[in-house]
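What follows is the residue order along each chain.
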Amino acid sequence: MPVPVAPSASTTHTPATTAHRLSPAVAWLFSVASGLAVANVYYSQPLLDLIGDDLGIGRATVGLVGTLTQIGYAVGLVLLVPLGDHLDRRLLTTAQLGLSVVALGAVAVAPSAPLMLLATAAVGVLAVVAQVMVAHAASLADPADRGRVVGTVTSGIVVGILLARTVAGTIGDLAGWRAVYVVSAAATAAMAVLLATVVPAEARRRPERIRYPRLVGSVFTLFAREPVLRIRAGLALLIFTAVTVLLTPMVLALAAPPFGLSHTVIGLFGLAGAAGALGAGRAGRQADRGRARHTLVIGLIAMLAGWPIAALLPHSVWWLVLATVVIDYGLQSVHVVNQHLLYQVRPEAQSRMTAGYMLLYSAGSALGAILSTVAYERGGWTAVCLLGAGVSLLALAFWWVTDRSAYAHGADDRDAAGSAVSP
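It should be emphasised that the depicted structure is a prediction, and the values quoted were computed from it without experimental measurement.

What counts, and at which threshold
As a convention, each chain's residues are numbered from 1 in the sequence order in which they are written. Local features in this predicted model are restricted to residues whose pLDDT is 70 or higher, and side-chain atom pairs enter the listing and the counts only when it is 80 or higher, whereas totals over whole chains, interfaces and linings include all residues. Computation of side-chain values: all heavy atoms of the structure, hydrogens and water removed. Each helix is a run of H or I in the DSSP string that is no shorter than four residues. Each strand is a run of E no shorter than two, and both are numbered from the N terminus. Whether a residue is buried, partly exposed or exposed follows from its accessible area with a 1.4 Å probe, protein chains only, as a fraction of its type maximum: under 20%, in between, or over 50%, in that order. Method for areas: the Shrake-Rupley scheme with a 1.4 Å probe, in which residue coverage is limited to the protein chains shown. Two aromatic rings, drawn from Phe, Tyr or Trp (for Trp, its six-membered ring), form a pair once their centres lie within 6.5 Å of each other, and the interplanar angle then sorts them: stacked below 30 degrees, edge-to-face above 60, tilted otherwise. Residue-level confidence of the predictor is what pLDDT reports, using numbers from 0 through 100. Should any heavy atoms of two residues lie within 4.5 Å, those residues are considered in contact. Take the buried residues of types Ala, Val, Leu, Ile, Met, Phe, Trp, Tyr and Cys, join any two whose side-chain atoms come within 4.5 Å, and each joined set is a nonpolar core. Note on geometry: axes are C-alpha line fits, over the in-contact stretch for helices, and angles between N-to-C directions span 0 to 180 degrees. Any angle that falls under 35 degrees is termed roughly parallel, while one over 145 is termed roughly antiparallel, one within 65 to 115 roughly perpendicular, and all others oblique. Handedness of a helix crossing follows the sense of rotation of the near helix relative to the far helix, less than a right angle counterclockwise being left-handed and clockwise being right-handed. For the purposes of these results, a polar contact is taken to be a pair of N or O atoms within 3.5 Å, where, inside protein, one atom must be able to donate a hydrogen and its partner to accept one; residues adjacent in sequence count only when each atom of the pair is a side-chain atom. One less than the residue count of a helix, multiplied by 1.5 Å, gives the span that helix is expected to have. Any Lys or Arg side-chain nitrogen found within 4 Å of a carboxyl oxygen on Asp or Glu counts as a salt bridge. Values of bend correspond, residue by residue, to the angle between axes fitted over the seven residues ending at that residue and the seven starting there. In the scheme used here, Gly and all other residues not listed as nonpolar or charged are polar, with Ala, Val, Leu, Ile, Met, Phe, Trp, Tyr, Cys and Pro taken as nonpolar and Asp, Glu, Lys and Arg as charged. Patch membership requires more than 30% relative accessible area and the absence of a salt bridge. Residues of like charge join within 9 Å; the nonpolar side chains Val, Leu, Ile, Met, Phe, Trp and Tyr join within 5 Å.

S.K.: Explain the overall build of the protein to me, and be specific about the residues and the numbers.
M.R.: Along the backbone of the protein there are 18 helices and two strands. Going through the 423 residues of the protein one by one, you find that 53% of them count as buried. Put simply, the protein shows about 17,300 Å² of open surface, and 68% of that area lies on carbon and sulfur atoms.

Right, dumping it as structure tokens:
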């Protein structure tokens, strides 16, 4: 059945008008809600042994819990996030959060492994509400303030990802793995009520009729039509490959001699990464001031500079703490600038642009996990650092080749973003 979608924009795009200016308090509410939503994807990671013992899942297959959640998240990016371009985003967000409560409750009470795995996949599909909220907040923000708003919401997602393992491990030790999902369901329900109550309505959009399969397919056709999406998504692929190269084998290096750290202590490294989330807020403010290019380059250089520091891990664990902060700071700076520039074009397709961008983000995370484990097995921590530095250098080179030409004639950041989508 046809569904309404905003009409296609012309080559020159103007920001969508909004019914209300998004207040800082509501932006922070979006940030917290997005962090809670995306954390649902990562809660299972420190709980796998408890889940396996309770449901009789062998060690060789219990990893399916996390795998199915990630697969569900990728499916949600394609099937649910584009709906934000033709449905009222406040209604869509509330509905997804409500369904997330049901899915989290199903995980918490699952009597068998098959039902639990099915429920975790549903949790992953619905967790993409975090990306719907990023696009929603950007659409409500004043154009001159959009970078700050995107940075604020993104910082919540970062903190949610990094602290999910610590929170889940603590609650799991105290009350069992099922309690983690009960607590999350309660928090998600409360957040759904708050968002439905305080988030302002969007400006009315003029829809056209388009069938849902075509809407989903347009996520991929946007890659062919929008150079700015290809550039930003390409950078996302590389920077998230690099950061996953750092995070995936970290537990192997820290749990082995001479450190021999416990999983609980290793989980605290998420706090170091959370400090890097400060880069998201700063990047958004700098982008609003027309310094997006400057901020992005600093972020890419920071990611590259963090790897020689990480290579000093054999001398002291504190070098890895510092490297985690530096690399994550650079990552979030680039990530927020990417989103800021995406939201300057195709206002009627913000949700689909977000879906396409995040698909390559997810692909980078998966690629980094695979490459880093192979590197660690063959060459230890030194090989991991060389791999991470190589990917970070490739990201800097990719920017130099694809993005630098937009500024060749002295254009400012907003002009450059526009030139990226000109014929």
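Additional details are given in the paragraphs that follow.
S.K.: Account for the packing of aromatic side chains, naming residues and giving values.
M.R.: For the structure shown, the criterion picks out four aromatic pairs. Here the aromatic rings of Tyr43 and Tyr181 are separated by 6.4 Å at their centres, their planes lie at 85 degrees, and the arrangement is edge-to-face. One end of the pair, Tyr43, is in the loop between helix H1 (24–39) and helix H2 (48–55); the other, Tyr181, is in helix H8 (residues 177–198), and 138 residues separate them in sequence. Both residues of the pair, Tyr43 and Tyr181, belong to the buried class.

S.K.: Go over the confidence of the model for the protein, please, and point to the residues and values.
M.R.: With 85% of its residues at a pLDDT of 70 or more, the protein shows a mean pLDDT of 81. Between residues 1–19, whose pLDDT stays under 50, and residues either more than four places distant or in other chains, the model counts 57 contacts. In the model, residues 407–423 has pLDDT below 50 throughout and makes 30 contacts with residues more than four positions away in sequence or in other chains.

S.K.: If you had to explain the nonpolar core to someone new, which residues and values would you point to?
M.R.: Counting residues in each nonpolar core, the largest one holds 122 residues, and the members touching the most others are Phe30, Tyr181, Leu195, Leu320 and Trp381. Filtering out sequence-adjacent residues up to four positions away, Leu195 remains in contact with Leu29, Phe30, Ala33, Arg90, Thr93, Leu97 and Met133.

S.K.: Before we move on, could you go through the packing of helix H4 (residues 89–109) against H8 and cite the residues and values that matter?
M.R.: Between H4 and H8, whose axes approach to 8 Å, the crossing angle comes to 165 degrees. As summarised for this structure, H4 and H8 are arranged roughly antiparallel, according to the angle between their axes. Here H4 and H8 pass one another in a crossing that is left-handed. Taken together, the residues of H8 that come into contact with H4 (itself represented by Arg90, Thr93, Thr94, Leu97, Ser100, Val101, Leu104, Gly105, Val107, Ala108 and Val109) are Trp177, Arg178, Tyr181, Val182, Ser184, Ala185, Thr188, Ala189, Met191, Ala192, Leu195 and Ala196.

S.K.: Account for the environment of Ala355, naming residues and giving values.
M.R.: By the element assignment, Ala355 lies in helix H17 (residues 350–402). Judged by its relative accessible area of 0%, Ala355 falls in the buried class. Between the alpha carbons of Ala355 and Val216 there is a distance of 9.6 Å; along the sequence they are 139 residues apart. Every residue in contact with Ala355, bar those within four places of it in the chain, is listed here: Leu77, Val81, Pro82 and Val219.

S.K.: If you had to explain the side chain of Asn338 to someone new, which residues and values would you point to?
M.R.: Its place among the elements puts Asn338 in helix H16 (residues 317–342). Among the polar contacts listed, one links the side chain of Asn338 to the side chain of Tyr357, at a separation of 3.2 Å. With residues near it in sequence (within four places) discarded, Asn338 still touches Arg232, Leu235, Ala236, Leu296 and Tyr357.

S.K.: A description of helix H10 (residues 227–247) should follow, citing residues and the corresponding values.
M.R.: Note: α-helices contain 3.6 residues per turn, so residues at a spacing of three or four share the same orientation. Its 21 residues give H10 an end-to-end C-alpha distance of 30 Å, which sits within 8% of 30 Å, the value for a rise of 1.5 Å per residue. Of all 21 residues in H10, 17 are buried; the element is thus mostly enclosed.

S.K.: Explain the pattern of salt bridges to me, and be specific about the residues and the numbers.
M.R.: As a working rule, side chains carrying opposite charge can pair if their charged atoms are close by. Summed over the entire model, instances satisfying the criterion amount to four salt bridges. Close ionic contact of Arg178 with Asp54 constitutes a salt bridge, the shortest N to O distance being 3.1 Å. Here Arg178 is found in helix H8, whereas its partner Asp54 is found in helix H2, with 124 residues between them in sequence. Taking relative accessible area as the criterion, Asp54 reaches 41% and is therefore assigned partly exposed. Note that Arg346 and Glu226 form a salt bridge whose closest N and O atoms lie 2.7 Å from each other. With a gap of 120 residues between them, Arg346 in the loop between H16 and H17 and Glu226 in the loop between helix H9 (212–225) and H10 connect regions that are remote in the sequence. Both residues of the pair, Arg346 and Glu226, belong to the buried class.

S.K.: So what's going on with H17? Which residues, and what values?
M.R.: Taking 1.5 Å per residue, 53 residues should reach 78 Å; H17 reaches only 22 Å between its end C-alpha atoms and comes up short. Largest kink in H17: about 135 degrees, centred on Gly379.

S.K.: Break down the packing of helix H7 (residues 146–175) against H16 for me, with residues and values.
M.R.: Two elements in contact, H7 and H16, have axes whose closest approach is 9 Å; the angle formed by their N-to-C orientations is 135 degrees. It follows from the interaxial angle that H7 and H16 lie oblique. For the pair H7 and H16, the crossing hand works out as right-handed. Every residue of H16 that contacts H7 at Arg146, Gly147, Val150, Gly151, Thr154, Val158 and Leu162 is listed here: Asp328, Gln332, His335, Val336, Gln339 and His340. Across the contact of H7 with H16, the residue classes break down as four nonpolar, seven polar and two charged.

S.K.: Would you mind going over the environment of Pro200 in detail, with residue names and values included?
M.R.: Relative to the elements of secondary structure, Pro200 occurs in the loop between H8 and strand S2 (208–211). Between the alpha carbons of Pro200 and Leu22 there is a distance of 7.8 Å; along the sequence they are 178 residues apart.

S.K.: If you had to explain a nonpolar patch on the surface to someone new, which residues and values would you point to?
M.R.: On the surface, Ile71, Val75 and Leu79 cluster together to form a nonpolar patch covering roughly 220 Å² of accessible area. By the secondary structure assignment, Leu79 is in helix H3 (residues 64–79). Residue classification places Leu79 among the partly exposed positions, given a relative accessible area of 36%.

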